[in-house]
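# Chains, contacts and geometry: an overview
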Amino acid sequence: MNLTELNRIATAMVAPGKGILAADESSGTIKKRFDAIGVESTETNRRDYREMLFRAKEAMSQYISGVILYDETIWQDAADGTPLIKLIEQSGAIPGIKVDEGTQALPMCPGELVTVGLDKLAERLKRYYERGARFAKWRAVIDIGSGTDGRGIPSMTAISVNAHALARYAALCQAAQIVPIVEPEVLMDGDHDIDRCYEVTSRVLNKTFQELRVQRVALEGMVLKPNMVVPGKKCPKQASVEEVAEKTIRLLKACVPAAVPGIAFLSGGQSDEEATAHLNAMHKLCPLPCPLPWGLTFSYGRALQAAPQKAWSGRPENVTAGQNAFSHRARMNGLASKGEWQSSLEKKAA
């Protein structure tokens, strides 16, 4: 393992003003997104859509540090025969790959899930590295709720097994000279308040870093992708942007070791503008040059893609409109990652 190189890549992934595009939707997920805009989810349409994003020069060269790909995408070529991964490299961004294989029901823990995909992961990572991937992603899903058996969730069992899997994945990545994005997501579904989210996320992060140490993962060669501290969608009392920012920063200071190069937030079901506003408010609390020990940026999927998907709608004549919409959202989040975003900028044409 070359930790110096892993650290260099991890630091580049969270560079000020740039963030990570999560374009790793599974075939099932992207079908739902395409259904919403009236586009058939064929391999060619999926390729054309992602090619449109990766050829958006302004977004990719100025605001996107890396792209998380799905297995299908990393092997695809653009319409002109250029490998899609090469388009990412040519823009100056770093290609990455989602390596988990989804979730399964967790035995003896009704209503809870465990992420799978560790079997043969070492062999897959070797092929992905040869293809050009320099970082990977594994997502663990932690729900907050009452549970189907009357016991509250998450259980310590669910937290422990998912943290253990994240750590094993991260160790395998580093052994393959790939930077792991460690993503323990506490879902924002449900009616829990912001303090319950804080409590559960604290338990999840503490257990995750405990397991990372047990598995001898070098913290200097990874990126953390956590949820923000937000109330559940069904909570009658929603939090202000300032409260989300303050509690998220407080939590991270308490739980994330200084050795970690950076934190790239997931959007987790927030609207485009909410995800941008929350990130911006965190940087307002900690203006650059940031007193925080780690870089703080975004790794958004829907919050970067919803607008370009709608603008594109599967029509070749809409490619430029889709790229403009993507560049606008990327620029907004790039500004937010430096604390320079203003809501008035959203009113301007993309």
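Scroll up for the structure.
Keep in mind the model is a prediction, meaning the values are calculated, not measured. (Residues numbered from 1 in each chain as written. Predicted model: local features only at pLDDT ≥ 70, side-chain atom pairs only at ≥ 80, totals over all residues. Heavy atoms only, no water.)

## Brief notes about the overall build of the chain
Tallying secondary structure elements over the chain gives 13 helices and 10 strands in all. Each principal axis of the C-alpha atoms in the chain carries an extent, and together these give about 55 × 45 × 45 Å. Per-residue burial for the chain yields a buried fraction of 56% across its 350 residues. Partitioning the intrachain contacts of the chain with sequence separation of at least 6 by distance along the chain shows that 78% fall at a separation of at least 24. Entry remark: accessible area of the chain is about 14,400 Å², with carbon and sulfur atoms responsible for 49%. Taking the average location of the 43 positive side-chain charges in the chain and that of its 40 negative ones, the two points are 2 Å from each other. (Helix = DSSP H or I, 4+ residues; strand = E, 2+ residues; numbered from the N terminus. Buried < 20%, exposed > 50% of the residue type's maximum accessible area, 1.4 Å probe, protein only. Contact = heavy atoms within 4.5 Å. Areas by Shrake-Rupley, 256 points an atom, 1.4 Å probe, with all protein chains shown as cover. Lys, Arg positive; Asp, Glu negative; His and termini not counted. Charge placed at Lys NZ, Arg CZ, Asp CG, Glu CD.)

## Structural notes on the layout of surface pockets
One number sums up the size of the largest pocket: a volume of about 670 Å³. Contributing to the lining of the largest pocket are 29 residues, with Arg 33, Lys 137, Arg 139, Glu 185 and Arg 302 lying nearest its centre. Contributions of two or more residues to the lining of the largest pocket are made by helix H2 (27–36), strand E6 (135–142), strand E7 (179–186) and strand E10 (295–300). Broken down by element, the lining of the largest pocket gets its largest block of residues, three residues, from E6. Here the lining of the largest pocket is built from residues that sort into six nonpolar, 10 polar and 13 charged. (1 Å grid on protein atoms, 1.4 Å probe; cavity = no way out; pocket = protein on both sides within 12 Å on 5 of 7 lines; lining within 4 Å. Points joined across faces, edges and corners; volume = space filled by probe spheres on them. Nonpolar A, V, L, I, M, F, W, Y, C, P; charged D, E, K, R; others polar.)

## Some remarks on the nonpolar core
Counting residues in hydrophobic clusters, the biggest one holds 101 residues, and the most contacted among them are Phe 54, Ile 64 and Tyr 169. Here Tyr 169 is in contact with Val 99, Leu 118, Leu 121, Ala 136, Lys 137, Trp 138, Pro 180 and Ile 181, once residues within four sequence places are set aside. (Core = buried A, V, L, I, M, F, W, Y, C linked by side-chain atoms within 4.5 Å.)

## Thoughts on the environment of Leu 121
On the secondary structure map, Leu 121 appears in helix H7 (residues 121–131). Between the C-alpha atom of Leu 121 and that of Ile 94, which follows or precedes it by 27 residues, the distance is 21 Å.

## Regarding the pattern of salt bridges
Following the criterion strictly, the structure yields 23 salt bridges and no others. The partner of Arg 55 in a salt bridge is Asp 80, and the shortest N-O contact between them spans 3.1 Å. Highlighted residues: Arg 55 in the loop between helix H3 (43–54) and helix H4 (57–62) and Asp 80 in the loop between helix H5 (71–74) and helix H6 (84–91), separated in sequence by 25 residues. With relative accessibility at 35%, the residue Arg 55 sits in the partly exposed group. With its nearest N and O atoms 3.3 Å apart, the salt bridge here joins Glu 89 to Lys 86. Here Glu 89 and its partner Lys 86 are both found in helix H6, three residues apart, which amounts to about one turn of the helix. Overall, Lys 86 belongs to the partly exposed group, its relative accessible area being 38%. Three or more residues joined by partner-sharing salt bridges are found here, namely Asp 24, Lys 137, Arg 139, Glu 183 and Glu 185. (Salt bridge = Lys/Arg side-chain N within 4 Å of Asp/Glu carboxyl O.)

## A look at the environment of Met 1
Its place among the elements puts Met 1 in the segment before helix H1 (3–13). Exposure remark for Met 1: the relative accessible area of 59% places this residue in the exposed category. Measuring from C-alpha to C-alpha, the distance between Met 1 and Gly 152 comes to 41 Å, with 151 residues separating the pair along the chain. With residues near it in sequence (within four places) discarded, Met 1 still touches Leu 6, Gln 174, Gln 177 and Ala 218.

## Structural notes on empty space enclosed by the protein
The rolling of a water-molecule-sized probe over the atoms marks out the regions of remaining empty space. For the coordinates displayed, the defined rule picks out one cavity of 30 Å³ or more. Size it by volume and the largest cavity reaches roughly 60 Å³. As for the largest cavity, its lining consists of Glu 185, Val 186, Met 188, Cys 197, Asn 227, Met 228, Val 230, Leu 266, Ser 267, Gly 268 and Gln 270. Across the lining of the largest cavity, the residue classes tally to six nonpolar, four polar and one charged.

These values are about where atoms sit, not about what they do.
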